[in-house]
Every structure is written in C-alpha cells, then in structure tokens.
Amino acid sequence: MKHLLSLITIAFLSATALAQTTWKADPAHTQVSFGIIHMGISEVEGKFDNFDGTIGAAEDDFSDAQYEMAIEVSSINTGVEMRDNHLRSSDFFDAEKYPEMTFKSTSSKKVGEDKYKVTGNLTFHGITKPVTLDVWYRGQVKNPQSGQVSAGFAISGNVKRSDYNLGPNFPEAVLSDNVLLDIDTEFKKQ
C-alpha cells in the first residue's frame, strides 16, 4: 500500500511539474511578414493577414516551448492587388490547391539570453521541409486594462523558395531564391 501511495504521489508531482501553459497568438498585435529581392535591386515586402499560432511551454523562460502556426495562404497582402492575385495563382502558392501553410516545431535550443534556435517542419505548396528559426523572447507583461498576460516574440529566418517549388518559372535574377521571414508577435496566456 505504501508503495502504491508513493507511486501515485510521484505521478502527481511529475504531472504538475510538466503542466504546460498554452499561449495563443494575438492577431491585433502580430504581424507575419516576408521579404524577397526583386531584380536584384529592391526588396518587396508583404504579409499574411489570417493566421493562428499556439505555444505550449512549462518553463517560464520558454526554453521548452513547442511552437505551432497555421497561415491562410490566400490572405497574402503585398499592398498590390494584381501582384497578390498572381502570388495566389498556380505560378506561385496555388492557394486554391494548397490553402494553408503550417509550422510545427520539433526542437528548441537556447543560444543566448532569451534567444533560441527553433527547428521545425514548414509545410506549404504540398512540400514539408525542416527549417530553423531565430526566436527572441522579449518577456511578459500584464495588460493594466484587461489583466491579460502577454508574452512577446521576434521570430525570423530564411526559406529557399526553390525548396518548395514556389515560382519555378521565375529565375533568381527576377526573384531571389532566399525569402526572409519576419514575425513580430504577442501571445496571450490562456
């Protein structure tokens, strides 16, 4: 009986120690942006307006965080409607056939004070590849008006469009193969 009670106590303490807190992206305070070099002389920037993100973490410093994000491809917005429609077409994202882009982390490695290298699987245009992103955890605050606790993150990285067969008929002299990802976000504690 003592042995059983000890096992139950250990299981309870382990479950409590491993309890994760869930955080949800705040769309009003999040921007999912990208940049690509056009004709070797200028950067075209854009963003995705519709997305959902979740972080699960048991540690207060997010050192064990698991990141997930889903982006609605058709919400691409470069500020030029004709270009956005072309990017949604089968020449690029083929948004009708592949409506969602997803990222799910597989590991997180602390590389400095509040800095992490987060590796995960990025899926879009029917292709899944591992990518590593730089994550800067900016800290937490409690909103004095709502009482809601939010955590801030700056997430960046590079993706090769050739890895995802994105715009294969547009050579690098027209559009760089390298695409810069830049996500500035707040996540609300659930």
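Parameters at a glance
Residues numbered from 1 in each chain as written. Predicted model: local features only at pLDDT ≥ 70, side-chain atom pairs only at ≥ 80, totals over all residues. Heavy atoms only, no water. Helix = DSSP H or I, 4+ residues; strand = E, 2+ residues; numbered from the N terminus. Contact = heavy atoms within 4.5 Å. Areas by Shrake-Rupley, 256 points an atom, 1.4 Å probe, with all protein chains shown as cover. Lys, Arg positive; Asp, Glu negative; His and termini not counted. Charge placed at Lys NZ, Arg CZ, Asp CG, Glu CD. Buried < 20%, exposed > 50% of the residue type's maximum accessible area, 1.4 Å probe, protein only. Pairing = 2+ DSSP bridges. Salt bridge = Lys/Arg side-chain N within 4 Å of Asp/Glu carboxyl O.

(A) Main features of the overall build of the protein chain. Within the protein chain, the regular secondary structure consists of two helices and eleven strands. Each helix (α) and strand (β) of the protein chain, taken in turn from the N terminus, gives the series α-β-β-β-β-β-β-α-β-β-β-β-β. With the principal axes as the frame, the protein chain shows a C-alpha extent of 70 × 40 × 35 Å. Restricting to contacts in the protein chain with at least 6 residues of sequence separation, those with at least 24 account for 55%. For the protein chain, the accessible area works out to roughly 11,300 Å², and carbon and sulfur atoms hold 54% of it. A gap of 6 Å separates the mean positions of the 18 positive and 26 negative side-chain charges of the protein chain.

(B) Region of interest: the environment of Lys160. In this structure, Lys160 sits in strand 10 (residues 149-160). Sequence separation between Lys160 and Ser176 is 16 residues; the distance between their C-alpha atoms is 8.6 Å.

(C) Main features of the environment of Asp60. The topology assignment puts Asp60 in the loop between strand 4 (51-57) and strand 5 (66-72). On the basis of relative accessibility, which here comes to 65%, the residue Asp60 falls in the exposed class. Along the primary structure Asp60 and Arg161 are separated by 101 residues, whereas in three dimensions their C-alpha atoms are 35 Å apart.

(D) The pairing of strand 2 (residues 31-38), seen in detail. As defined by bridge partners, strand 2 adjoins strand 11 (residues 175-189) across seven bridges and the pair is classed as antiparallel. Directly across from Gly35, in strand 11, lies its bridge partner Leu180. Relative to strand 3 (residues 42-48), strand 2 runs antiparallel, the two sharing seven bridges. Note on strand 3: the bridge partner recorded for Ser33 is Lys47. In sequence, strand 2 turns back onto strand 3 through a hairpin of three residues, with Met39 there showing a positive phi of about 55°.

(E) Main features of the pairing of strand 10. Taken together, the eight bridges between strand 9 (residues 127-142) and strand 10 define a ladder with antiparallel strand orientation. Directly across from Trp136, in strand 10, lies its bridge partner Ala154. What sits between the antiparallel neighbours strand 9 and strand 10 is a turn of six residues, in which Gly147 has the positive phi angle 80°. Taken together, the eleven bridges between strand 10 and strand 11 define a ladder with antiparallel strand orientation. Each residue of the ladder has a partner; that of Ile155, found in strand 11, is Ile183.

(F) Just the pattern of salt bridges, in detail. If you walk through the whole model with that rule in mind, you get six salt bridges. Across the salt bridge formed by Lys47 and Asp49, the nearest N and O atoms sit 3.5 Å from each other. Since its relative accessible area comes to 27%, Lys47 is described here as partly exposed. For the salt bridge of Asp134 with Lys117, the shortest nitrogen-to-oxygen distance reads 2.5 Å. Of the two residues, Asp134 is situated in strand 9 and Lys117 in strand 8 (residues 115-124); the sequence distance between them amounts to 17 residues. Take Asp134: its relative accessible area is 33%, and that puts it in the partly exposed class. Since its relative accessible area comes to 35%, Lys117 is described here as partly exposed.

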